[in-house]
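Understanding the architecture of this molecule
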Amino acid sequence: MSSQDPRSRIPRTDTLLASPAALEATERLGAATVRRLVTAAQDRARRGEIEPEQVAAVLAGSLQRSPTRLHPVLNATGVVIHTNLGRAPLSRAAIDAICTAAEYVDVELDLTTGTRSKRGVAARAALLARCPAAEEALVVNNGAAALVLATTTLAQGREIIVSRGELIEIGAGFRLPDLIASTGARLREVGTTNRTHLVDYADATGPETGCILKVHPSNFRLGGFTAAASVSELRALAAEHDVPLVVDLGSGLLAPDPMIPDEPDASTTISDGADVITASGDKLLGGPQAGIVLGRKEIVDRMAKHPLARAVRADKLALAALEATLSGPDTPTSVALHADPVRLRERAEKLAATVGGEVVPHDGRVGGGGAPGVPLPGWAVALPESAAAALRLGDPAVLPRSHGGRCLVDLRCVPESEDERLAAAVRAALGG
Ligand SMILES: *Cc1c(COP(=O)(O)O)cnc(C)c1O
């Protein structure tokens, strides 16, 4: 390398590592990551991609990176519970609770006595306060775990009676029959795909029955000539044979919501006679990933004591976030679900006025398997389809809906406080 070689002007590693930006970043990102970024910046100069004099600035830029490779995304799809975007976004209260729980916390300690306490008491109390119809509550890792725990506890080695119209597949890798088979219970299918009557359940119920299971079909809908037994009807049968009635609700709605009248809720389902319901924490409940179990004390206690409960227990971050979700302000999920169409139109018009594009009617969706086919009336800004990729790759990343040869930007799930950042991102994506 001659002294004329520009590579001789590349700053040395120890010089770069001693810079204030690198020292500050070492706290945030760790020494190994900082060293890697230093080498990467030097390598770019070695390859001639940047001038040696630019290495320090390029390094300073790359040191600004977040400690996670997950990118925040503005959800401009109009789909409220977007599975690919991590389902429910958390409320500020839930995020703060997660930060508190991230350090040492009294999750299993009674500070007054200094002795061990029960895990998850606050989340349990918050659930029961929001669903007084239930005698007892239990939080586990996710909805699937709640269902597996219920069926394992109640029906291992025995039969679970379930309607053929409810043997569903929800998203990738969740096939209800497979999940139940994995618990060591036998599935006793009754009825037909489109019609199952109370008598079908009655004919199958007997000494081998571990429980009767009713599943909300979530992401699919039967139409036409259909019949299903209601929870109240099944209650009578379950009581007659003294077998538990389990209802997998999926969405985690705790009380009826007039916006989605056909979506079952925990309070009504328990009042109608379910012994226990299972649901997700991060669908319509609007909280963290969690599995919710609500119902009769005797059954929930049995589930909590089953050895499997330890394998599917909720972590302290989820317990804290769930408690804050339940006792805190309206969730972002609820806000998006109930967004006023008039206000959505005003916001869309304001966006179109600054970036161009046409304001068009656009129905949002509940998503996440909730209320399929139920439109949430609103508006979107229609842009050329080519804008979609640029929006995804922009900063902030924006996920629009690509539909009918257009890129649709729906503001339903974008917090209003983010409208200006969204407008800037759209402007940048359109090359303006
Ligand atoms: C979503 C869903 C599940 C699975 O819940 P996870 O929290 O994703 O594990 C189970 N049952 C029904 C009816 C659902 O809709």
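Residue positions are counted from 1 within each chain, in the order its sequence is given. Given that the model is predicted, a residue must reach a pLDDT of at least 70 before its local features are reported, and side-chain atom pairs must reach 80 or more before they are shown or counted; all residues, however, enter totals for whole chains, interfaces and linings. Think of the side-chain values as coming from all heavy atoms in the structure, minus any hydrogens and water.

1. Section: the overall build of the chain
The condition that has to hold: Secondary structure is summarised from DSSP: a helix means a run of H or I of at least four residues, a strand means a run of E of at least two, and numbering begins at the N terminus for each. Whether a residue is buried, partly exposed or exposed follows from its accessible area with a 1.4 Å probe, protein chains only, as a fraction of its type maximum: under 20%, in between, or over 50%, in that order. Note on areas: Shrake-Rupley, 1.4 Å probe, and residue coverage restricted to the protein chains presented here.
Helix and strand counts for the chain come out as 18 helices and 16 strands. Along the longest, intermediate and shortest principal axes, the C-alpha atoms of the chain span 95 × 60 × 40 Å. Here the chain holds 432 residues, and 46% of them are scored as buried. A total of about 21100 Å² of accessible surface is found on the chain, and carbon and sulfur atoms cover 54% of it.

2. Remarks on the UniProt feature "domain: L-seryl-tRNA selenium transferase N-terminal" (unreviewed entry) in the chain
As a reminder of what qualifies: UniProt positions are given in the numbering used here, feature names are shortened, and annotations may be inferred rather than shown by experiment.
The UniProt feature table records "domain: L-seryl-tRNA selenium transferase N-terminal" (unreviewed entry) at residues 7–46. Counted over residues 7–46, helix gives 78% and strand 0%. Its end C-alpha atoms are 6 Å apart.

3. Section: the sheet that holds strand β6 (residues 159–163)
Short version of the rule: One bridge is not enough; two strands pair if DSSP finds at least two bridges between them. Lines fitted to the C-alpha atoms define the axes, with helices restricted to the stretch that makes contact. Angles between their N-to-C directions range from 0 to 180 degrees.
Across the sheet, seven strands lie side by side as β5-β11-β10-β9-β8-β6-β7; this open sheet has mixed pairing. Only two strands of the sheet have a single partner each, and these edge strands are β5 (136–140) and β7 (186–190). Going across the sheet, the axis of each strand differs from the next one's by a mean of 25 degrees, ignoring polarity. Of the pairings in the sheet, the one linking β5 to strand β11 (residues 291–295) comprises five bridges and is antiparallel in character. Its bridge partner lying in β11, Ala-137 is registered against Leu-294.

4. Overview of the sheet that holds strand β12 (residues 358–361)
Note the cut-off: In this description, contact between two residues means that some pair of their heavy atoms is separated by no more than 4.5 Å.
Strand order in the open sheet formed by five strands is β1-β15-β16-β14-β12, and the pairing between neighbours is mixed. Only two strands of the sheet have a single partner each, and these edge strands are β1 (73–76) and β12. On average, each strand axis in the sheet is tilted by 40 degrees relative to the strand beside it, whichever way the strands run. Here β1 pairs with strand β15 (residues 397–403) via four bridges, running parallel. By the bridge assignment for β15, Leu-74 is matched with Val-398. Lying on the sheet, helix α16 (residues 341–355) is in contact with β12, β14 (379–384) and β16 (406–410); it crosses β14 at an angle near 25 degrees.

5. So, the environment of Pro-258
Tracing the backbone through its elements, the reader meets Pro-258 in the loop between β9 (245–250) and α11 (266–271). The sequence separation of Pro-258 and His-338 amounts to 80 residues, and the corresponding C-alpha distance is 9.9 Å.

6. As for the side chain of Thr-77
Selection criterion: As used in this structure description, the phrase polar contact means that two N or O atoms lie within 3.5 Å; if the pair is within protein, one of them must be able to donate a hydrogen and the other to accept it, and residues adjacent in sequence are counted only when both atoms belong to side chains.
Mapped onto the elements, Thr-77 comes out in the loop between β1 and β2 (79–81). Using a relative accessible area of 6% as the deciding quantity, one classes Thr-77 as buried. Of note is the side chain of Thr-77, whose polar atom sits 3.0 Å from the backbone nitrogen of Val-79. Non-local contacts of Thr-77, meaning those with residues more than four positions away in its chain, are made with His-82, His-362, Leu-399, Pro-400, Arg-401 and Asp-410.

7. With respect to helix α6 (residues 121–130)
Regarding α6, the residues found buried are Ala-123, Ala-126, Leu-127 and Leu-128. Next to the buried residues of α6 lie β5, β11 and α14 (316–327).

8. Points about the pattern of salt bridges
The cut-off we apply is this: By salt bridge we mean one thing: a side-chain nitrogen of Lys or Arg within 4 Å of a carboxyl oxygen of Asp or Glu.
Applying the stated criterion across every chain, the model contains 31 salt bridges. With its nearest N and O atoms 2.7 Å apart, the salt bridge here joins Arg-47 to Glu-49. Residues Asp-275 and Arg-235 are paired through a salt bridge, measuring 3.2 Å at the closest nitrogen-oxygen approach. Of the two residues, Asp-275 is situated in the loop between α11 and β10 (276–280) and Arg-235 in helix α10 (residues 231–241); the sequence distance between them amounts to 40 residues. Residue classification places Asp-275 among the buried residues on the basis of a relative accessible area of 2%. When salt bridges that share partners are traced, they join Arg-235, Asp-275, Arg-296, Glu-298 and Arg-302 into one network.

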